[in-house]
Structure formats: C-alpha cells, structure tokens
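In case you want the letters, here they are:
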Amino acid sequence: MKKKIWKVTAATGLCVALAIGCAAFGAAEGGWRQPPAMQAASGVGEAMHRWMSGQQQSFGCPQMMPGRQMPQMQNQPSGERPEMPENQQSAQMMPGQQMPQMQNQPSGERPEMPENQQNAQMMPGQQMPQMQNQPSGERPEMPENQQNAQMMPGNQQMPQMQNQPSGERPEMPENQQNAQVMPDNQQIMDPQNQAIQSSADSASEIVEGITENSAMSLAPDYENATVYNVSESASVKITEPGTYIVTGTAAEGSVTVKKGTTGVVLVLKDLDLTSSSGAPLSVNKESQVQLVISGSVKLTDNEDPADETSTDSAVADAFDGAAIKAKANSIVYIAGDGKLTLAGNAKNGIKAGDDSSLVINANVAITAANDGINGNYDVAILGGTVTVSAGDDGIHADHILTIGKDGAGPNLTVSESVEAIEGTVVNIGGGKIVLSATDDGVNAANGDGVYEGVLDYSVNVLGGDVTITAGSDGFDSNGNVNLVSGSATIRSASGGGDAGIDYDGALYISDSFVLNNASGVAGAENMGAMPGNMGGAPGDMGAMPGNMGGMNFRPTGR
C-alpha cells in the first residue's frame, strides 16, 4: 500500500507540473483566456482523470512519428513558434539532426546551443560549432571537441577560427600544418603573391647568352657616308667597311653585304624594298653589320615557298626565305629610332644562320608565314617595341634566346603563333612581354637537339612582366624553370599533361616573384597538374574552407 501511495504522488506531481507549465505558456502567449488558477485546477483534474483511466502516456506530448516528437501545441497562436518543452530539447527532427534549445530566444538571434547539442550531427560527417552569445556577422568560436570536426568526406578538417579577424585566414591547426598539397611535402603559398612552392631551394645555374656583339660598338659616320637610292639602282652591293645610306622604293631589288665584310654601318632610311628572287636584305657569311633604322622602312620577301624544295639545286640554293637573311657566322645589330616592318611571305621574317649573333634594339613589326625570327644560334631582343605575328614560332633560337637584361627590355608582343618564344635556354631579363600561342607560350626545347648535352634546357625569368595566353603550357621546359625576379600571369590549358608551368627538371620560385597562375603545375616526378593561385588542396583532403578555395588534383604526365 505504501508503494501504491508513492506512485500516485509522483504522477500527481508530474501532472501538476505539466498543468502549471501549460498555464504559464498559455498566459505568456495569450492563447488561453481562463484565469491561471482555473487553468491549473483544470489541468490537475484532467491529468488525474487520465491517470485513473490508464491514459497516462499522453500528458499533452503525444508521439507523432517514429523518431520525431511534437512540442505542445494547445491553443498556439497562429504564426508563432511553440516553446520547446524541456523533455523535447533532444527530439530528433531528422536522422542525424537535432533541434537546439529555443526558450526565450530573442527574435533574429541565433539560438544558444545546449551543452548536449554541441556535438549534434548536422550532416553526415559535419557538426555545428557552439554559438552562445555569438556577435552578428562574426564566425562562431569552434569548441575544443570540434576543431577536428569532419567537414566533408575525404578526411579534411576545419581550422581553428576563434577570434579570427575579418578578411584574414584562420590559423591552421597543428595537425593540418603538414597537409600535403603536392608530393614532396610542398604546400600552397599565399595565392595573392605566389601560388605554389618551389621544388628546388635555389635557382639552377643560369647561362647567359648575348649581352652584346661586336656590331653594337660600331658608330655611323654620316659625313663620309655613301648614299644609294634603290629607285635608281635596285641592286646594292656592299663590299667595303664604312657607312652606307640606302633609301627609295623598288618593287624588285635587294641590298647585299659581301661575305667577310666587317665594320659596315648600313643606314636604312625611308626605304620600301621588295624581292621575289631572294631576301631584300642579305648579310653574307662572316660579315659584321649594324643596321640603323631611320624613318619608315619596309622589307618584303615575295619568294615562292616551293623554291625551297625545288628539284633544281640552283633554285633551291638561291632560296633565302626571309625578309632579312643573316648567314652563318654573321654578326648583326639592329638599332635606330625609326620603324622597321618586315613581311616574310615566303617563310620567315628574319633568318640567322649557324653560329650567328642577332641583337635587336629597335621598333620592329614582323608578319611571317613560318617563324617571325629564326636563329640557328643566339638571338637577343634588348629594347624597342617588337610585334610578331607568325604561322609557327614567334621567336626561335637554337641556342640561347634573350629578352631584356638587368630589368630593362622591350615591349614585346607575339600576337599570333604556335609557340611564342623558344630556345634551348630562354632568359627573360626585363621589359613587358605579352605572348599568345596555340601551343606553348615559352618553350625551352630544341627540335633538332643540336645543343642537347651542351646546354641544360631552362626557362629563366630574371626581370620584367610576362603575360601568357597559351593553348598548351605557359612555361614549358625540358629541364628547369627559374622564376627569380619579376612577375608572370599565365592562362593556359590544364590537364592531359598541360599546365601553366610544365618542367622536367626543377622549379625554383623566389619569394619576391609574383606568379598569377590559373592553370597549375605539371612537375618532374609525376607531380601532375595543380591549379596555382586558384587555391585549395589535393587528393584526400577534399575542399578547404574559408578563403582557401577548392582544388582538384589531377595527376598528369608528360
């Protein structure tokens, strides 16, 4: 009997508590109009009646669906949310998802997360951080047991965000500081300045090419110059050292410097010269010539391209295939304040032979069916404004190609090409370089392989501002890439072996080099293509939060 009295007392107390709670709720919400005393009495009587009738399971909190419970809804004003009773704070709303405590929650503020809800599962593998007293617009403080919360499949974790200043990246927790971004423990750098980290600690040996040639030291002697007008004498031949001024217009004509003639300063002044039987301007073997461009100068090669492969050996041997032809062991320096326009309709704009030295410091515009400039040895463009539109390479050197020096250089634009600039070694030392190519923007390679084993393939940026738009690789080196000083912006293909930077040796990027690389890296040890300052991390890490962005690691090969 004593045991029976205890049960009645407990049930009665529970009914009284529920009745008082319901009365308070109704009074607060304006949903009931009975006086509180009547509400309490009515609630107690009804509870006792139900207990005596065996209906004690209800108590105003019926179970609506398996795994889901309904808060008390009696006389709930329309449009208002019900107060969540205490025993419902852990009600399961969806599989793996729970409702935070909502009592007396100010309008527009986030609810306080009850202690037993700090580990509530919001999505598979994702948890809600503690939000108590969270200032509007600030990131929530991550509770200690949430610092390793899994955000997405792929074993990726959220960095600690406590008191994180706006606009700054979160501190990377210790277990993420060694996150693998590229093989060999390379990590993403700040994408505002440098998208990737070097695979080498220092630059590989950089071999410089032409810094000057002997023709650069020649000086015009205008007082004692010899003048030729091609309108009167279409064929001009230079056989002695000295200064020569060539001017006029000829639909069929040529200027030729005899083999072995050195010390020649050839001033081209307001000249328009076309030839269909050879190059309009030829510098024969072992000659030394300084070309001074004055006024408007145009040289056009209208040879028949079929002559190059003619079965008639005399016709084939006479084919120059260039607007300017500098033959083997010649030294040519192009300078002046005029503008030189070259049309290589048969093949090249400028062709320089074996062991030749070609240096340009002038304003030159080139259109060519094949290469804009093709040198079998060294080519250097040190200054001026140079534009090239070519059917194949924009500028090619078998040995060393140099663009600018000591931070100064040309305004060079290759507007159309297959590969924009190419050499066994490519050194960019200064200037503003804008390259467009359907294949590689800058290529350290040599199709003939003539200097393979003599020089290490390398692309070296030692200064200047380079912008590349390429259908394949931006920088492509069969050896090393050294980005020492200056900046580069690369837009190129990615995937399938193509990338913004593609190298077979080592990659060095100095801390001061500014690299905006939207197309990733394909390195030597099957490193694959990885987006540059697009941000993010590869492989199993999934997608990083905050400002890091997302990365797709795409293993590629050469």
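Residues numbered from 1 in each chain as written. Predicted model: local features only at pLDDT ≥ 70, side-chain atom pairs only at ≥ 80, totals over all residues. Heavy atoms only, no water.

Asker: Any chance you could break down the overall build of the chain for me, citing the residues and the numbers?
Answerer: The helix and strand inventory of the chain stands at 3 helices and 37 strands. Counting the 558 residues in the chain, one finds 45% classified as buried. If you take every contact in the chain between residues at least 6 apart in sequence, the share linking residues at least 24 apart comes to 53%. Counting only carbon and sulfur atoms, one obtains 47% of the accessible surface of the chain, whose full area is about 26,600 Å². (Helix = DSSP H or I, 4+ residues; strand = E, 2+ residues; numbered from the N terminus. Buried < 20%, exposed > 50% of the residue type's maximum accessible area, 1.4 Å probe, protein only. Contact = heavy atoms within 4.5 Å. Areas by Shrake-Rupley, 256 points an atom, 1.4 Å probe, with all protein chains shown as cover.)

Asker: Could you give an account of the pattern of salt bridges, with specific residues and numbers?
Answerer: Any two side chains of opposite charge can pair if their charged atoms end up close together. Under the definition given, this model contains 5 salt bridges. Between K347 and E308 there is a salt bridge whose closest N-O contact spans 2.6 Å. Of this pair, K347 sits in the loop between β18 (339-344) and β19 (348-352) while E308 sits in the loop between β15 (288-301) and α3 (313-318), placing them 39 residues apart in sequence. The class for K347 is partly exposed, based on a relative accessible area of 24%. In this structure, K432 engages D465 in a salt bridge whose closest nitrogen and oxygen atoms are separated by 3.8 Å. With a gap of 33 residues between them, K432 in strand β26 (residues 421-437) and D465 in strand β29 (residues 465-470) connect regions that are remote in the sequence. The partly exposed category is assigned to K432, whose relative accessible area is 43%. Residues participating in the shared-partner salt-bridge network are E208, K405 and D406. (Salt bridge = Lys/Arg side-chain N within 4 Å of Asp/Glu carboxyl O.)

Asker: So what about the confidence of the model for the chain? Which residues, and what values?
Answerer: Reading fine detail from the predicted coordinates is not recommended where pLDDT is low. Here the chain averages 74 in pLDDT, and 58% of its residues register 70 or above. Low confidence marks residues 116-136, where pLDDT is under 50. Its contacts with residues over four positions away, or in another chain, come to 47 contacts. A low-confidence stretch, residues 145-195 (pLDDT under 50), is modelled with 113 contacts involving residues beyond four sequence positions or located in other chains. (pLDDT = per-residue confidence, 0-100.)

Asker: Which residues make up the packing of aromatic side chains, and what values go with them?
Answerer: Two aromatic rings, taken as a pair, are described by how far apart their centres are and by the angle between their planes. Per the stated rule, a full pass over the model turns up 2 aromatic pairs. Where Y228 meets Y244, the ring centres are 6.3 Å apart and the plane angle is 25°; that geometry is what we call stacked. You can see Y228 sitting in strand β9 (residues 226-229) and its partner Y244 sitting in strand β11 (residues 242-250), a full 16 residues away along the chain. (Phe/Tyr/Trp six-rings, centres within 6.5 Å; stacked < 30°, edge-to-face > 60°.)

Asker: Give a description of unusual backbone geometry that names residues and reports values.
Answerer: Residues other than glycine seldom take positive phi values, yet D355 does so here, at roughly 55°. Relative to the helices and strands, D355 is located in the loop between β19 and β20 (357-361). With a phi angle near 55°, D406 is a residue other than glycine that sits in the positive phi range. The topology assignment puts D406 in strand β25 (residues 395-416). Given the relative accessible area of 72%, D406 is considered exposed.

Asker: Give a description of the nonpolar core that names residues and reports values.
Answerer: Of all hydrophobic cores here, the largest spans 74 residues; its most connected members are L266, L299, I334, F475 and I501. Ignoring anything within four residues of it in the chain, the contact list for L266 reads I238, Y244, V246, V255, L281, V289, Q290, L291 and V292. Formed by 7 residues, the second largest nonpolar core is a distinct cluster that contains I210, A215, A335 and L382. (Core = buried A, V, L, I, M, F, W, Y, C linked by side-chain atoms within 4.5 Å.)

Asker: Run through the environment of D354, naming residues and quoting values.
Answerer: Turning to its location among the elements, D354 is positioned in the loop between β19 and β20. Here the alpha-carbon distance between D354 and A326, two residues 28 residues apart in the chain, equals 9.4 Å. In this view, D354 contacts A328, N329 and N376; residues no more than four positions away in its chain are not counted. For D354, the side chain forms a polar contact with the side chain of N376, separated by 2.8 Å. (Polar contact = N/O pair within 3.5 Å; in protein donor to acceptor, adjacent residues only side chain to side chain.)

Asker: Which residues make up the pairing of strand β17 (residues 331-336), and what values do they have?
Answerer: Successive residues of a regular strand alternate their side chains across the two faces of the sheet. Where β15 meets β17, 6 bridges bridge the pair, whose relative direction is parallel. Across the sheet, the residue bridging to I293 is G336, located in β17. Here β17 runs beside β20; their pairing, made up of 4 bridges, is parallel. In the sheet register, V332 faces β20, and the bridge partner there is L358. (Pairing = 2+ DSSP bridges.)

Asker: So what's going on with the pairing of β26? Which residues, and what values?
Answerer: Of all 17 residues in β26, 14 are buried; the element is thus mostly enclosed. Note that β25 and β26 share 12 bridges and pair parallel. Note that in β26 the partner of G407 across the bridge is G430. Sheet topology note: the β26/strand β27 (residues 442-444) ladder contains 3 bridges and is parallel. When the sheet's bridge partners are listed, G423 is paired in β27 with A444. In terms of strand pairing, β26 meets β29 through 6 bridges, oriented parallel. Bridge pairing in β29 links K432 to D465.

Asker: Talk me through the environment of E205; I want residue IDs and the actual numbers.
Answerer: Within the fold, E205 resides in the loop between β8 (156-157) and β9. Residues E205 and N460, 255 residues apart in the sequence, show an inter-C-alpha distance of 9.8 Å.

Asker: Could you give an account of the environment of S417, with specific residues and numbers?
Answerer: Note that S417 resides in the loop between β25 and β26. For the pair S417 and D371, spaced 46 residues apart in the sequence, the C-alpha separation amounts to 8.3 Å. Those residues in contact with S417 that sit more than four places away from it in its chain are A390, D392, D393, G394, S436, A437 and T438. Within the structure, S417 has its side chain in polar contact with the backbone nitrogen of A420 (distance 3.4 Å).

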